[in-house]
Amino acid sequence: ETSSPLERRTGRPVFLTTTRAMEILKKRIQQEGKCHPGGVLKVDSFINHQIDASLMMEIAKEFAKRFEDTKIDKVITIEASGIAPAIMVASLLGVPMLFAKKKVPSTMNGILKSEVFSFTKSRSYNVCISDKFLRKGEKCLFIDDFLANGCALQGLISIVESAGATVAGLGIAIEKGFQIGGRVIRNLG
Ligand code: 5GP
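These figures come from a predicted structure and were not determined experimentally. (Residues numbered from 1 in each chain as written. Predicted model: local features only at pLDDT ≥ 70, side-chain atom pairs only at ≥ 80, totals over all residues. Heavy atoms only, no water.)

Participant: Looking at this structure, how should I read the site of the ligand?
Facilitator: Looking at the ligand, there are 17 residues lining it, with Leu41, Asn149, Gly150, Ala152 and Lys176 nearest. One of the backbone N or O atoms of Ala148 is found 2.8 Å from an oxygen atom in the ligand. Taking Lys176, its side chain carries an N or O atom lying 2.6 Å from an oxygen atom of the ligand. Breaking the shell around the ligand down by element, the ones donating at least two residues are β2 (40-42), β7 (139-147) and α5 (151-162). (Near = heavy atom within 4 Å. Polar contact = N/O pair within 3.5 Å; in protein donor to acceptor, adjacent residues only side chain to side chain. Helix = DSSP H or I, 4+ residues; strand = E, 2+ residues; numbered from the N terminus.)

Encoded structure:
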């Protein structure tokens, strides 16, 4: 029996190479990242505007590896920059990806929403998900590009919980350790 838990679950070959995604990411941040006032890190040449798809895939593989033995029903994120890593992780895990929208579509019924304060934009906005895609008892894996103060994540946790689902895991490409998000979220258990 040589197949991995992921291969057994998805029924197809999944190649999770042993990479050092974190070290590669760290080097790229040191080489290309720009620090902006207020603690904003600009990484738009490879993470969230132009995207280095190969690097993002290596990051996604790291997350998939960590969650291959955990029951995950879907991957969730917030548009726009969370979509790239989230969709790659979802594809590797063989589950759907669901992203919270920042504008309520006129055709959406059964809206689950939450207010999120954007640290980079210094304003609040609502994020929403249709209740038809989040069911009671579902286990969600939250994936995002950044963790700063944790507001986006907390907003999504509250949406997930209002549907009777749970956030079973988190995968964040860049955690800014000097902001409080990581501590707040780890204290939630
Ligand atoms: P939080 O809600 O944790 O304060 O912030 C998370 C969200 O804000 C992420 O989804 C990301 O889009 C954005 N964000 C937070 N900090 C940074 C940053 O330093 N650089 C960039 N480019 N985006 C950030």
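Back to the write-up after that little detour.
Participant: Explain the packing of helix α3 (residues 53-66) against helix α4 (residues 83-93) to me, please; I cannot follow it from the model alone.
Facilitator: For any two helices packed against each other, one specifies the inter-axial angle together with the distance between the axes. Relative to each other, α3 and α4 sit at 55°, their axes nearing to 9 Å. Here α4 runs oblique to α3, going by the angle between their axes. Considering how the two elements wind past one another, α3 and α4 form a crossing that is right-handed. Contacts between α3 and α4 involve Ala53, Met56, Met57, Ala60, Lys61, Phe63 and Ala64 from the first element and Ala84, Pro85, Met88, Val89, Leu92 and Leu93 from the second. (Axes fitted to C-alpha atoms, helices over the stretch in contact; angles between N-to-C directions. Parallel < 35°, antiparallel > 145°, perpendicular 65-115°, else oblique. Left-handed = near helix turned anticlockwise from the far one by under 90°. Contact = heavy atoms within 4.5 Å.)

Participant: Would you explain the sheet that holds β7 in this entry?
Facilitator: Strands pair in a sheet through their backbones, by hydrogen bonds, and they do so in one of two ways: parallel or antiparallel. Pairing within the open sheet is parallel, and its four strands lie in the order β4-β3-β7-β8. Only two strands of the sheet have a single partner each, and these edge strands are β4 (97-100) and β8 (166-175). Pairs of neighbouring strands in the sheet enclose a mean axial angle of 25°, with direction left out of account. Where strand β3 (residues 74-78) meets β4, four bridges bridge the pair, whose relative direction is parallel. The partner of Ile78 across the bridge, within β4, is Ala100. Packing against the sheet, α5 makes contact with β3, β4, β7 and β8, and its axis sits at approximately 130° to β3. (Pairing = 2+ DSSP bridges.)

Participant: Looking at this model, I keep getting lost on the environment of Phe46. Mind explaining?
Facilitator: Counting through the fold element by element, Phe46 comes out in the loop between β2 and α3. Sequence-wise, Phe46 and Glu32 are 14 residues apart; in three dimensions their C-alpha atoms are separated by 8.4 Å. The contacts of Phe46, once residues within four sequence positions are left out, are Leu25, Arg28, Ile29, Glu32, Ile51, Asp52 and Leu55.

Participant: For this particular structure, what's the right way to read unusual backbone geometry?
Facilitator: Excluding glycine, residues mostly have negative phi values, and the peptide bonds linking residues are mostly trans. For the bond from Glu79 to Ala80, the omega torsion is 0°, close enough to zero to count as cis. With respect to the helices and strands, Ala80 occurs in the loop between β3 and α4. The backbone of Ser122 sits at a positive phi, close to 50°, despite the residue not being glycine. In this structure, Ser122 sits in the loop between β5 (111-118) and β6 (123-130). Note on Ser122: relative accessible area 55%, which makes it exposed. (Buried < 20%, exposed > 50% of the residue type's maximum accessible area, 1.4 Å probe, protein only.)

Participant: Sorry if this is basic, but what is going on with α5 here?
Facilitator: Every α-helix winds through 3.6 residues per turn, so residues three or four apart in the chain are directed the same way. Its 12 residues give α5 an end-to-end C-alpha distance of 16 Å, which sits within 8% of 16 Å, the value for a rise of 1.5 Å per residue. Every buried residue of α5 is listed here: Leu153, Gly155, Leu156, Ile157, Ile159 and Val160. Downstream of α5 by a residue or two, Gly164 has a phi angle that is positive, lying close to 80°. (Expected span 1.5 Å × (residues − 1).)

Participant: Is there a simple way to think about the nonpolar core in this case?
Facilitator: Side chains of a nonpolar character, in soluble globular proteins, are inclined to be buried together. Counting 30 residues, the largest nonpolar core has Ile47, Ile59, Val75, Val89, Leu93, Leu141 and Ile174 as its most contacted members. For this core, the elements supplying multiple residues, two or more each, are α2 (21-32), α3, α4, β7 and β8. Counting residues per element, this core draws most heavily on α4, at seven residues. Look past the residues within four positions of Ile47 in its chain and what remains in contact with it is Leu25, Met56, Ile59, Asp145 and Ile174. (Core = buried A, V, L, I, M, F, W, Y, C linked by side-chain atoms within 4.5 Å.)

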